Amino acid sequence: MLEDKFGRRFHYLRLSITDVCNFRCSYCLPDGYQCDTPRDFLSLGEITTVVRAFAELGTSKIRITGGEPSLRKDLPQIIERCASTPGIKQVAITTNGYKLPQMINSWVDAGLTNLNVSIDSLDPRQFHAITGHDKLQTILQGVEQALALGLKVKINSVLLKPYSKELLSTALAWLKDKPLALRLIELMETGDNHDFFNANHLSGQPIKEQLLAQGWQQSQRDIAAGPAQEFSHPDYQGRLGLIMPYSKDFCASCNRLRVSATGNLHLCLFAEQGLPLRPLLADGDVAALKEKLAALLGKKEASHWLHDGFTGATKQLAMLGG
Ligand code: SAM
Ligand code: SF4
């Protein structure tokens, strides 16, 4: 089992398979994806080696992310490789959802167990203003299909000052009779979004207080769960979660590691640098990779330095997948 010097155990790998994205979310890629670097992303074989090594070290959950992971044509094969690796119990994907209606059946057939879809507003005009795309209805249709297929579905919504009030009221109405988990995520500062962050960041704490006052109850965290504080309410089928990376002790429950689309291990979303694994991936040497991972984990720090404005090497989250 991968365990760091602070006693944290790592059951959960976030694996980015591409940096490329077709959306222009205002907090992430406001000018769209810039094609100025070579695209030499991990191959299916390299991904298989990474997943095997992590699984043998106790990882039970893989989240495939990006950029936009559905832009990779071999995504169903990648899901299948993850799902068929001994020890992996959950295969999740985080997507902007624009391909959901066409692709969801093939992802489920390949072994997908969990789906996260990013929807920052349920108002089509606001959605367009945030993402640069007029795709809300298509994405919502894909969410319905995923629910009908029995997938566990979460919706990620970034809290942005101008839209948060309306987001909370429309989201609560939506959750009344939908078995979804909606995650409200505090906007994080990255290398590229300093001014946007200062103008739009909102703390989740007042929302937490509002939920508790309205009869929502905080639930216990599962071992392989993500970083959200979760809430449920007897009158609602859906659940709400708050991800508050600026809250005290956020990093104490960290249970995840990240591998970038070019094969670098990131011990934290906001670490100073990625640690290259690729030289060990070419010949599929799982044993050597396991040894390297265990050694590199010794460098993991207790916490990020976001409160002090240090965003590490992460210019935007499309680089690593959030
Ligand atoms: N393209 C996919 C998507 O949007 O779901 C996957 C990659 S995206 C980087 C993963 C998640 O990170 C999304 O839910 C997105 O909203 C979130 N995200 C991106 N930049 C962020 C930021 N600066 N602060 C908080 N969340 C952010
Ligand atoms: Fe693309 Fe996801 Fe970033 Fe939006 S948040 S620009 S969909 S990578």
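Residues numbered from 1 in each chain as written. Chains lettered and ligands numbered in written order. Predicted model: local features only at pLDDT ≥ 70, side-chain atom pairs only at ≥ 80, totals over all residues. Heavy atoms only, no water.

Caption draft 1: Representation of the overall build of the protein in the model. Check the secondary structure of the protein and you find 9 helices and 12 strands. Its C-alpha radius of gyration of 19 Å places the protein within 12% of the 20 Å reference for a compact globule of 322 residues. Its C-alpha atoms give the protein principal-axis dimensions of about 50 × 45 × 40 Å. Of all 322 residues assigned to the protein, the portion counted as buried reaches 56%. (Helix = DSSP H or I, 4+ residues; strand = E, 2+ residues; numbered from the N terminus. Rg over C-alpha atoms; globule rule 2.2 N^0.38 Å. Buried < 20%, exposed > 50% of the residue type's maximum accessible area, 1.4 Å probe, protein only.)

Caption draft 2: Local environment of the site of ligand 2. Taken together, the neighbourhood of ligand 2 is formed by C21, F23, C25, C28, L29, G67, N96 and A318. Considered class by class, the residues forming the shell around ligand 2 number 6 nonpolar, 2 polar and no charged. (Near = heavy atom within 4 Å. Nonpolar A, V, L, I, M, F, W, Y, C, P; charged D, E, K, R; others polar.)

Caption draft 3: Geometry of the site of ligand 1. What surrounds ligand 1 is a group of 19 residues, the closest being Y27, G67, S118, N156 and M188. Contact distances for ligand 1 include 3.2 Å between a nitrogen atom and a side-chain N or O atom of E68. At 3.2 Å from an oxygen atom of ligand 1 is found a main-chain nitrogen or oxygen belonging to T95. For ligand 1, the protein covers 94% of the area, taking 550 Å² as the surface of the free molecule. Only β3 (90-95), β5 (152-159) and β6 (181-186) provide two or more residues apiece to the shell around ligand 1. Partitioned by chemical class, the residues of the shell around ligand 1 number 7 nonpolar, 10 polar and 2 charged. (Polar contact = N/O pair within 3.5 Å; in protein donor to acceptor, adjacent residues only side chain to side chain. Areas by Shrake-Rupley, 256 points an atom, 1.4 Å probe, with all protein chains shown as cover.)

Caption draft 4: Spatial organisation of the pattern of salt bridges. Taken as a whole and judged by the stated rule, the model has 10 salt bridges. Of the charged contacts in the structure, one is a salt bridge between E3 and R9, with a shortest N-O distance of 3.0 Å. For R9, a relative accessible area of 44% translates into the label partly exposed. Members of the salt-bridge network, linked through shared partners, are D40, E46 and R278. (Salt bridge = Lys/Arg side-chain N within 4 Å of Asp/Glu carboxyl O.)

Caption draft 5: Inspection of the packing of aromatic side chains at higher detail. What the rule picks out here adds up to 4 aromatic pairs. For the pair F23 and Y98, a centre-to-centre distance of 6.3 Å together with 55° between the ring planes defines the contact as tilted. Pair noted here: F23 is in the loop between β1 (12-16) and α1 (44-56) and Y98 is in the loop between β3 and α3 (100-110), with a separation of 75 residues, a long-range link. Y98 carries the same exposure label as F23, and that label is buried. Among the aromatic residues, those joined into a cluster by ring pairs are F23, Y98 and F127. (Phe/Tyr/Trp six-rings, centres within 6.5 Å; stacked < 30°, edge-to-face > 60°.)

Caption draft 6: Region of interest: α3. By the burial criterion, the buried members of α3 are L100, P101, I104, W107 and A110. Down the axis of α3, the buried set is contained in an arc of 160°. They therefore lie on one face. The exposed residues of α3 that point more than 90 degrees off its buried face are Q102 and D109. In the core, the buried residues of α3 are packed alongside α2 (75-83), β3, β4 (114-118) and α5 (136-148). (Arc of directions from axis to C-beta. Contact = heavy atoms within 4.5 Å.)

Caption draft 7: Representation of the nonpolar core within the structure. Grouped together as the largest cluster of nonpolar side chains are 100 residues, with contacts concentrated most on L15, I64, L115, I119, V143 and L265. L15 has contacts with L42, I47, V50, V51, I62, R63, I64, T65 and V259, leaving out every residue within four places of it along the chain. (Core = buried A, V, L, I, M, F, W, Y, C linked by side-chain atoms within 4.5 Å.)

Caption draft 8: Structural context of the pairing of β1. Across the 5 residues that make up β1, a large majority, 5, are buried. Of the two faces of β1, the one holding Y12, R14 and S16 and the one holding L13 and L15 are both buried throughout. Relative to strand β2 (residues 61-65), β1 runs parallel, the two being bridged by 5 bridges. Paired with R14 across the strands is R63, a residue of β2. (Pairing = 2+ DSSP bridges.)

Caption draft 9: Here's a closer look at the side chain of R183. Tracing the sequence through the fold places R183 in strand β6. Apart from residues no more than four positions distant in its own chain, R183 is found in contact with K154, I155, N156, S157, A228, E230, L240, G241 and I243.

Caption draft 10: The sheet that holds strand β10 (residues 256-259), seen in detail. The 12 strands lie next to each other as β7-β8-β9-β6-β5-β4-β3-β2-β1-β10-β11-β12, forming an open sheet whose pairing is mixed. The open sheet has two edge strands with one neighbour each: β7 (217-218) and β12 (275-276). One ladder, built from 2 bridges, connects strand β11 (residues 264-266) with β12; its direction is antiparallel. Residue pairing in the sheet places L265 in a bridge with L275 of β12. Seen against the sheet, α3 touches β3 and β4 and runs at an angle of roughly 165° to β4. (Axes fitted to C-alpha atoms, helices over the stretch in contact; angles between N-to-C directions.)

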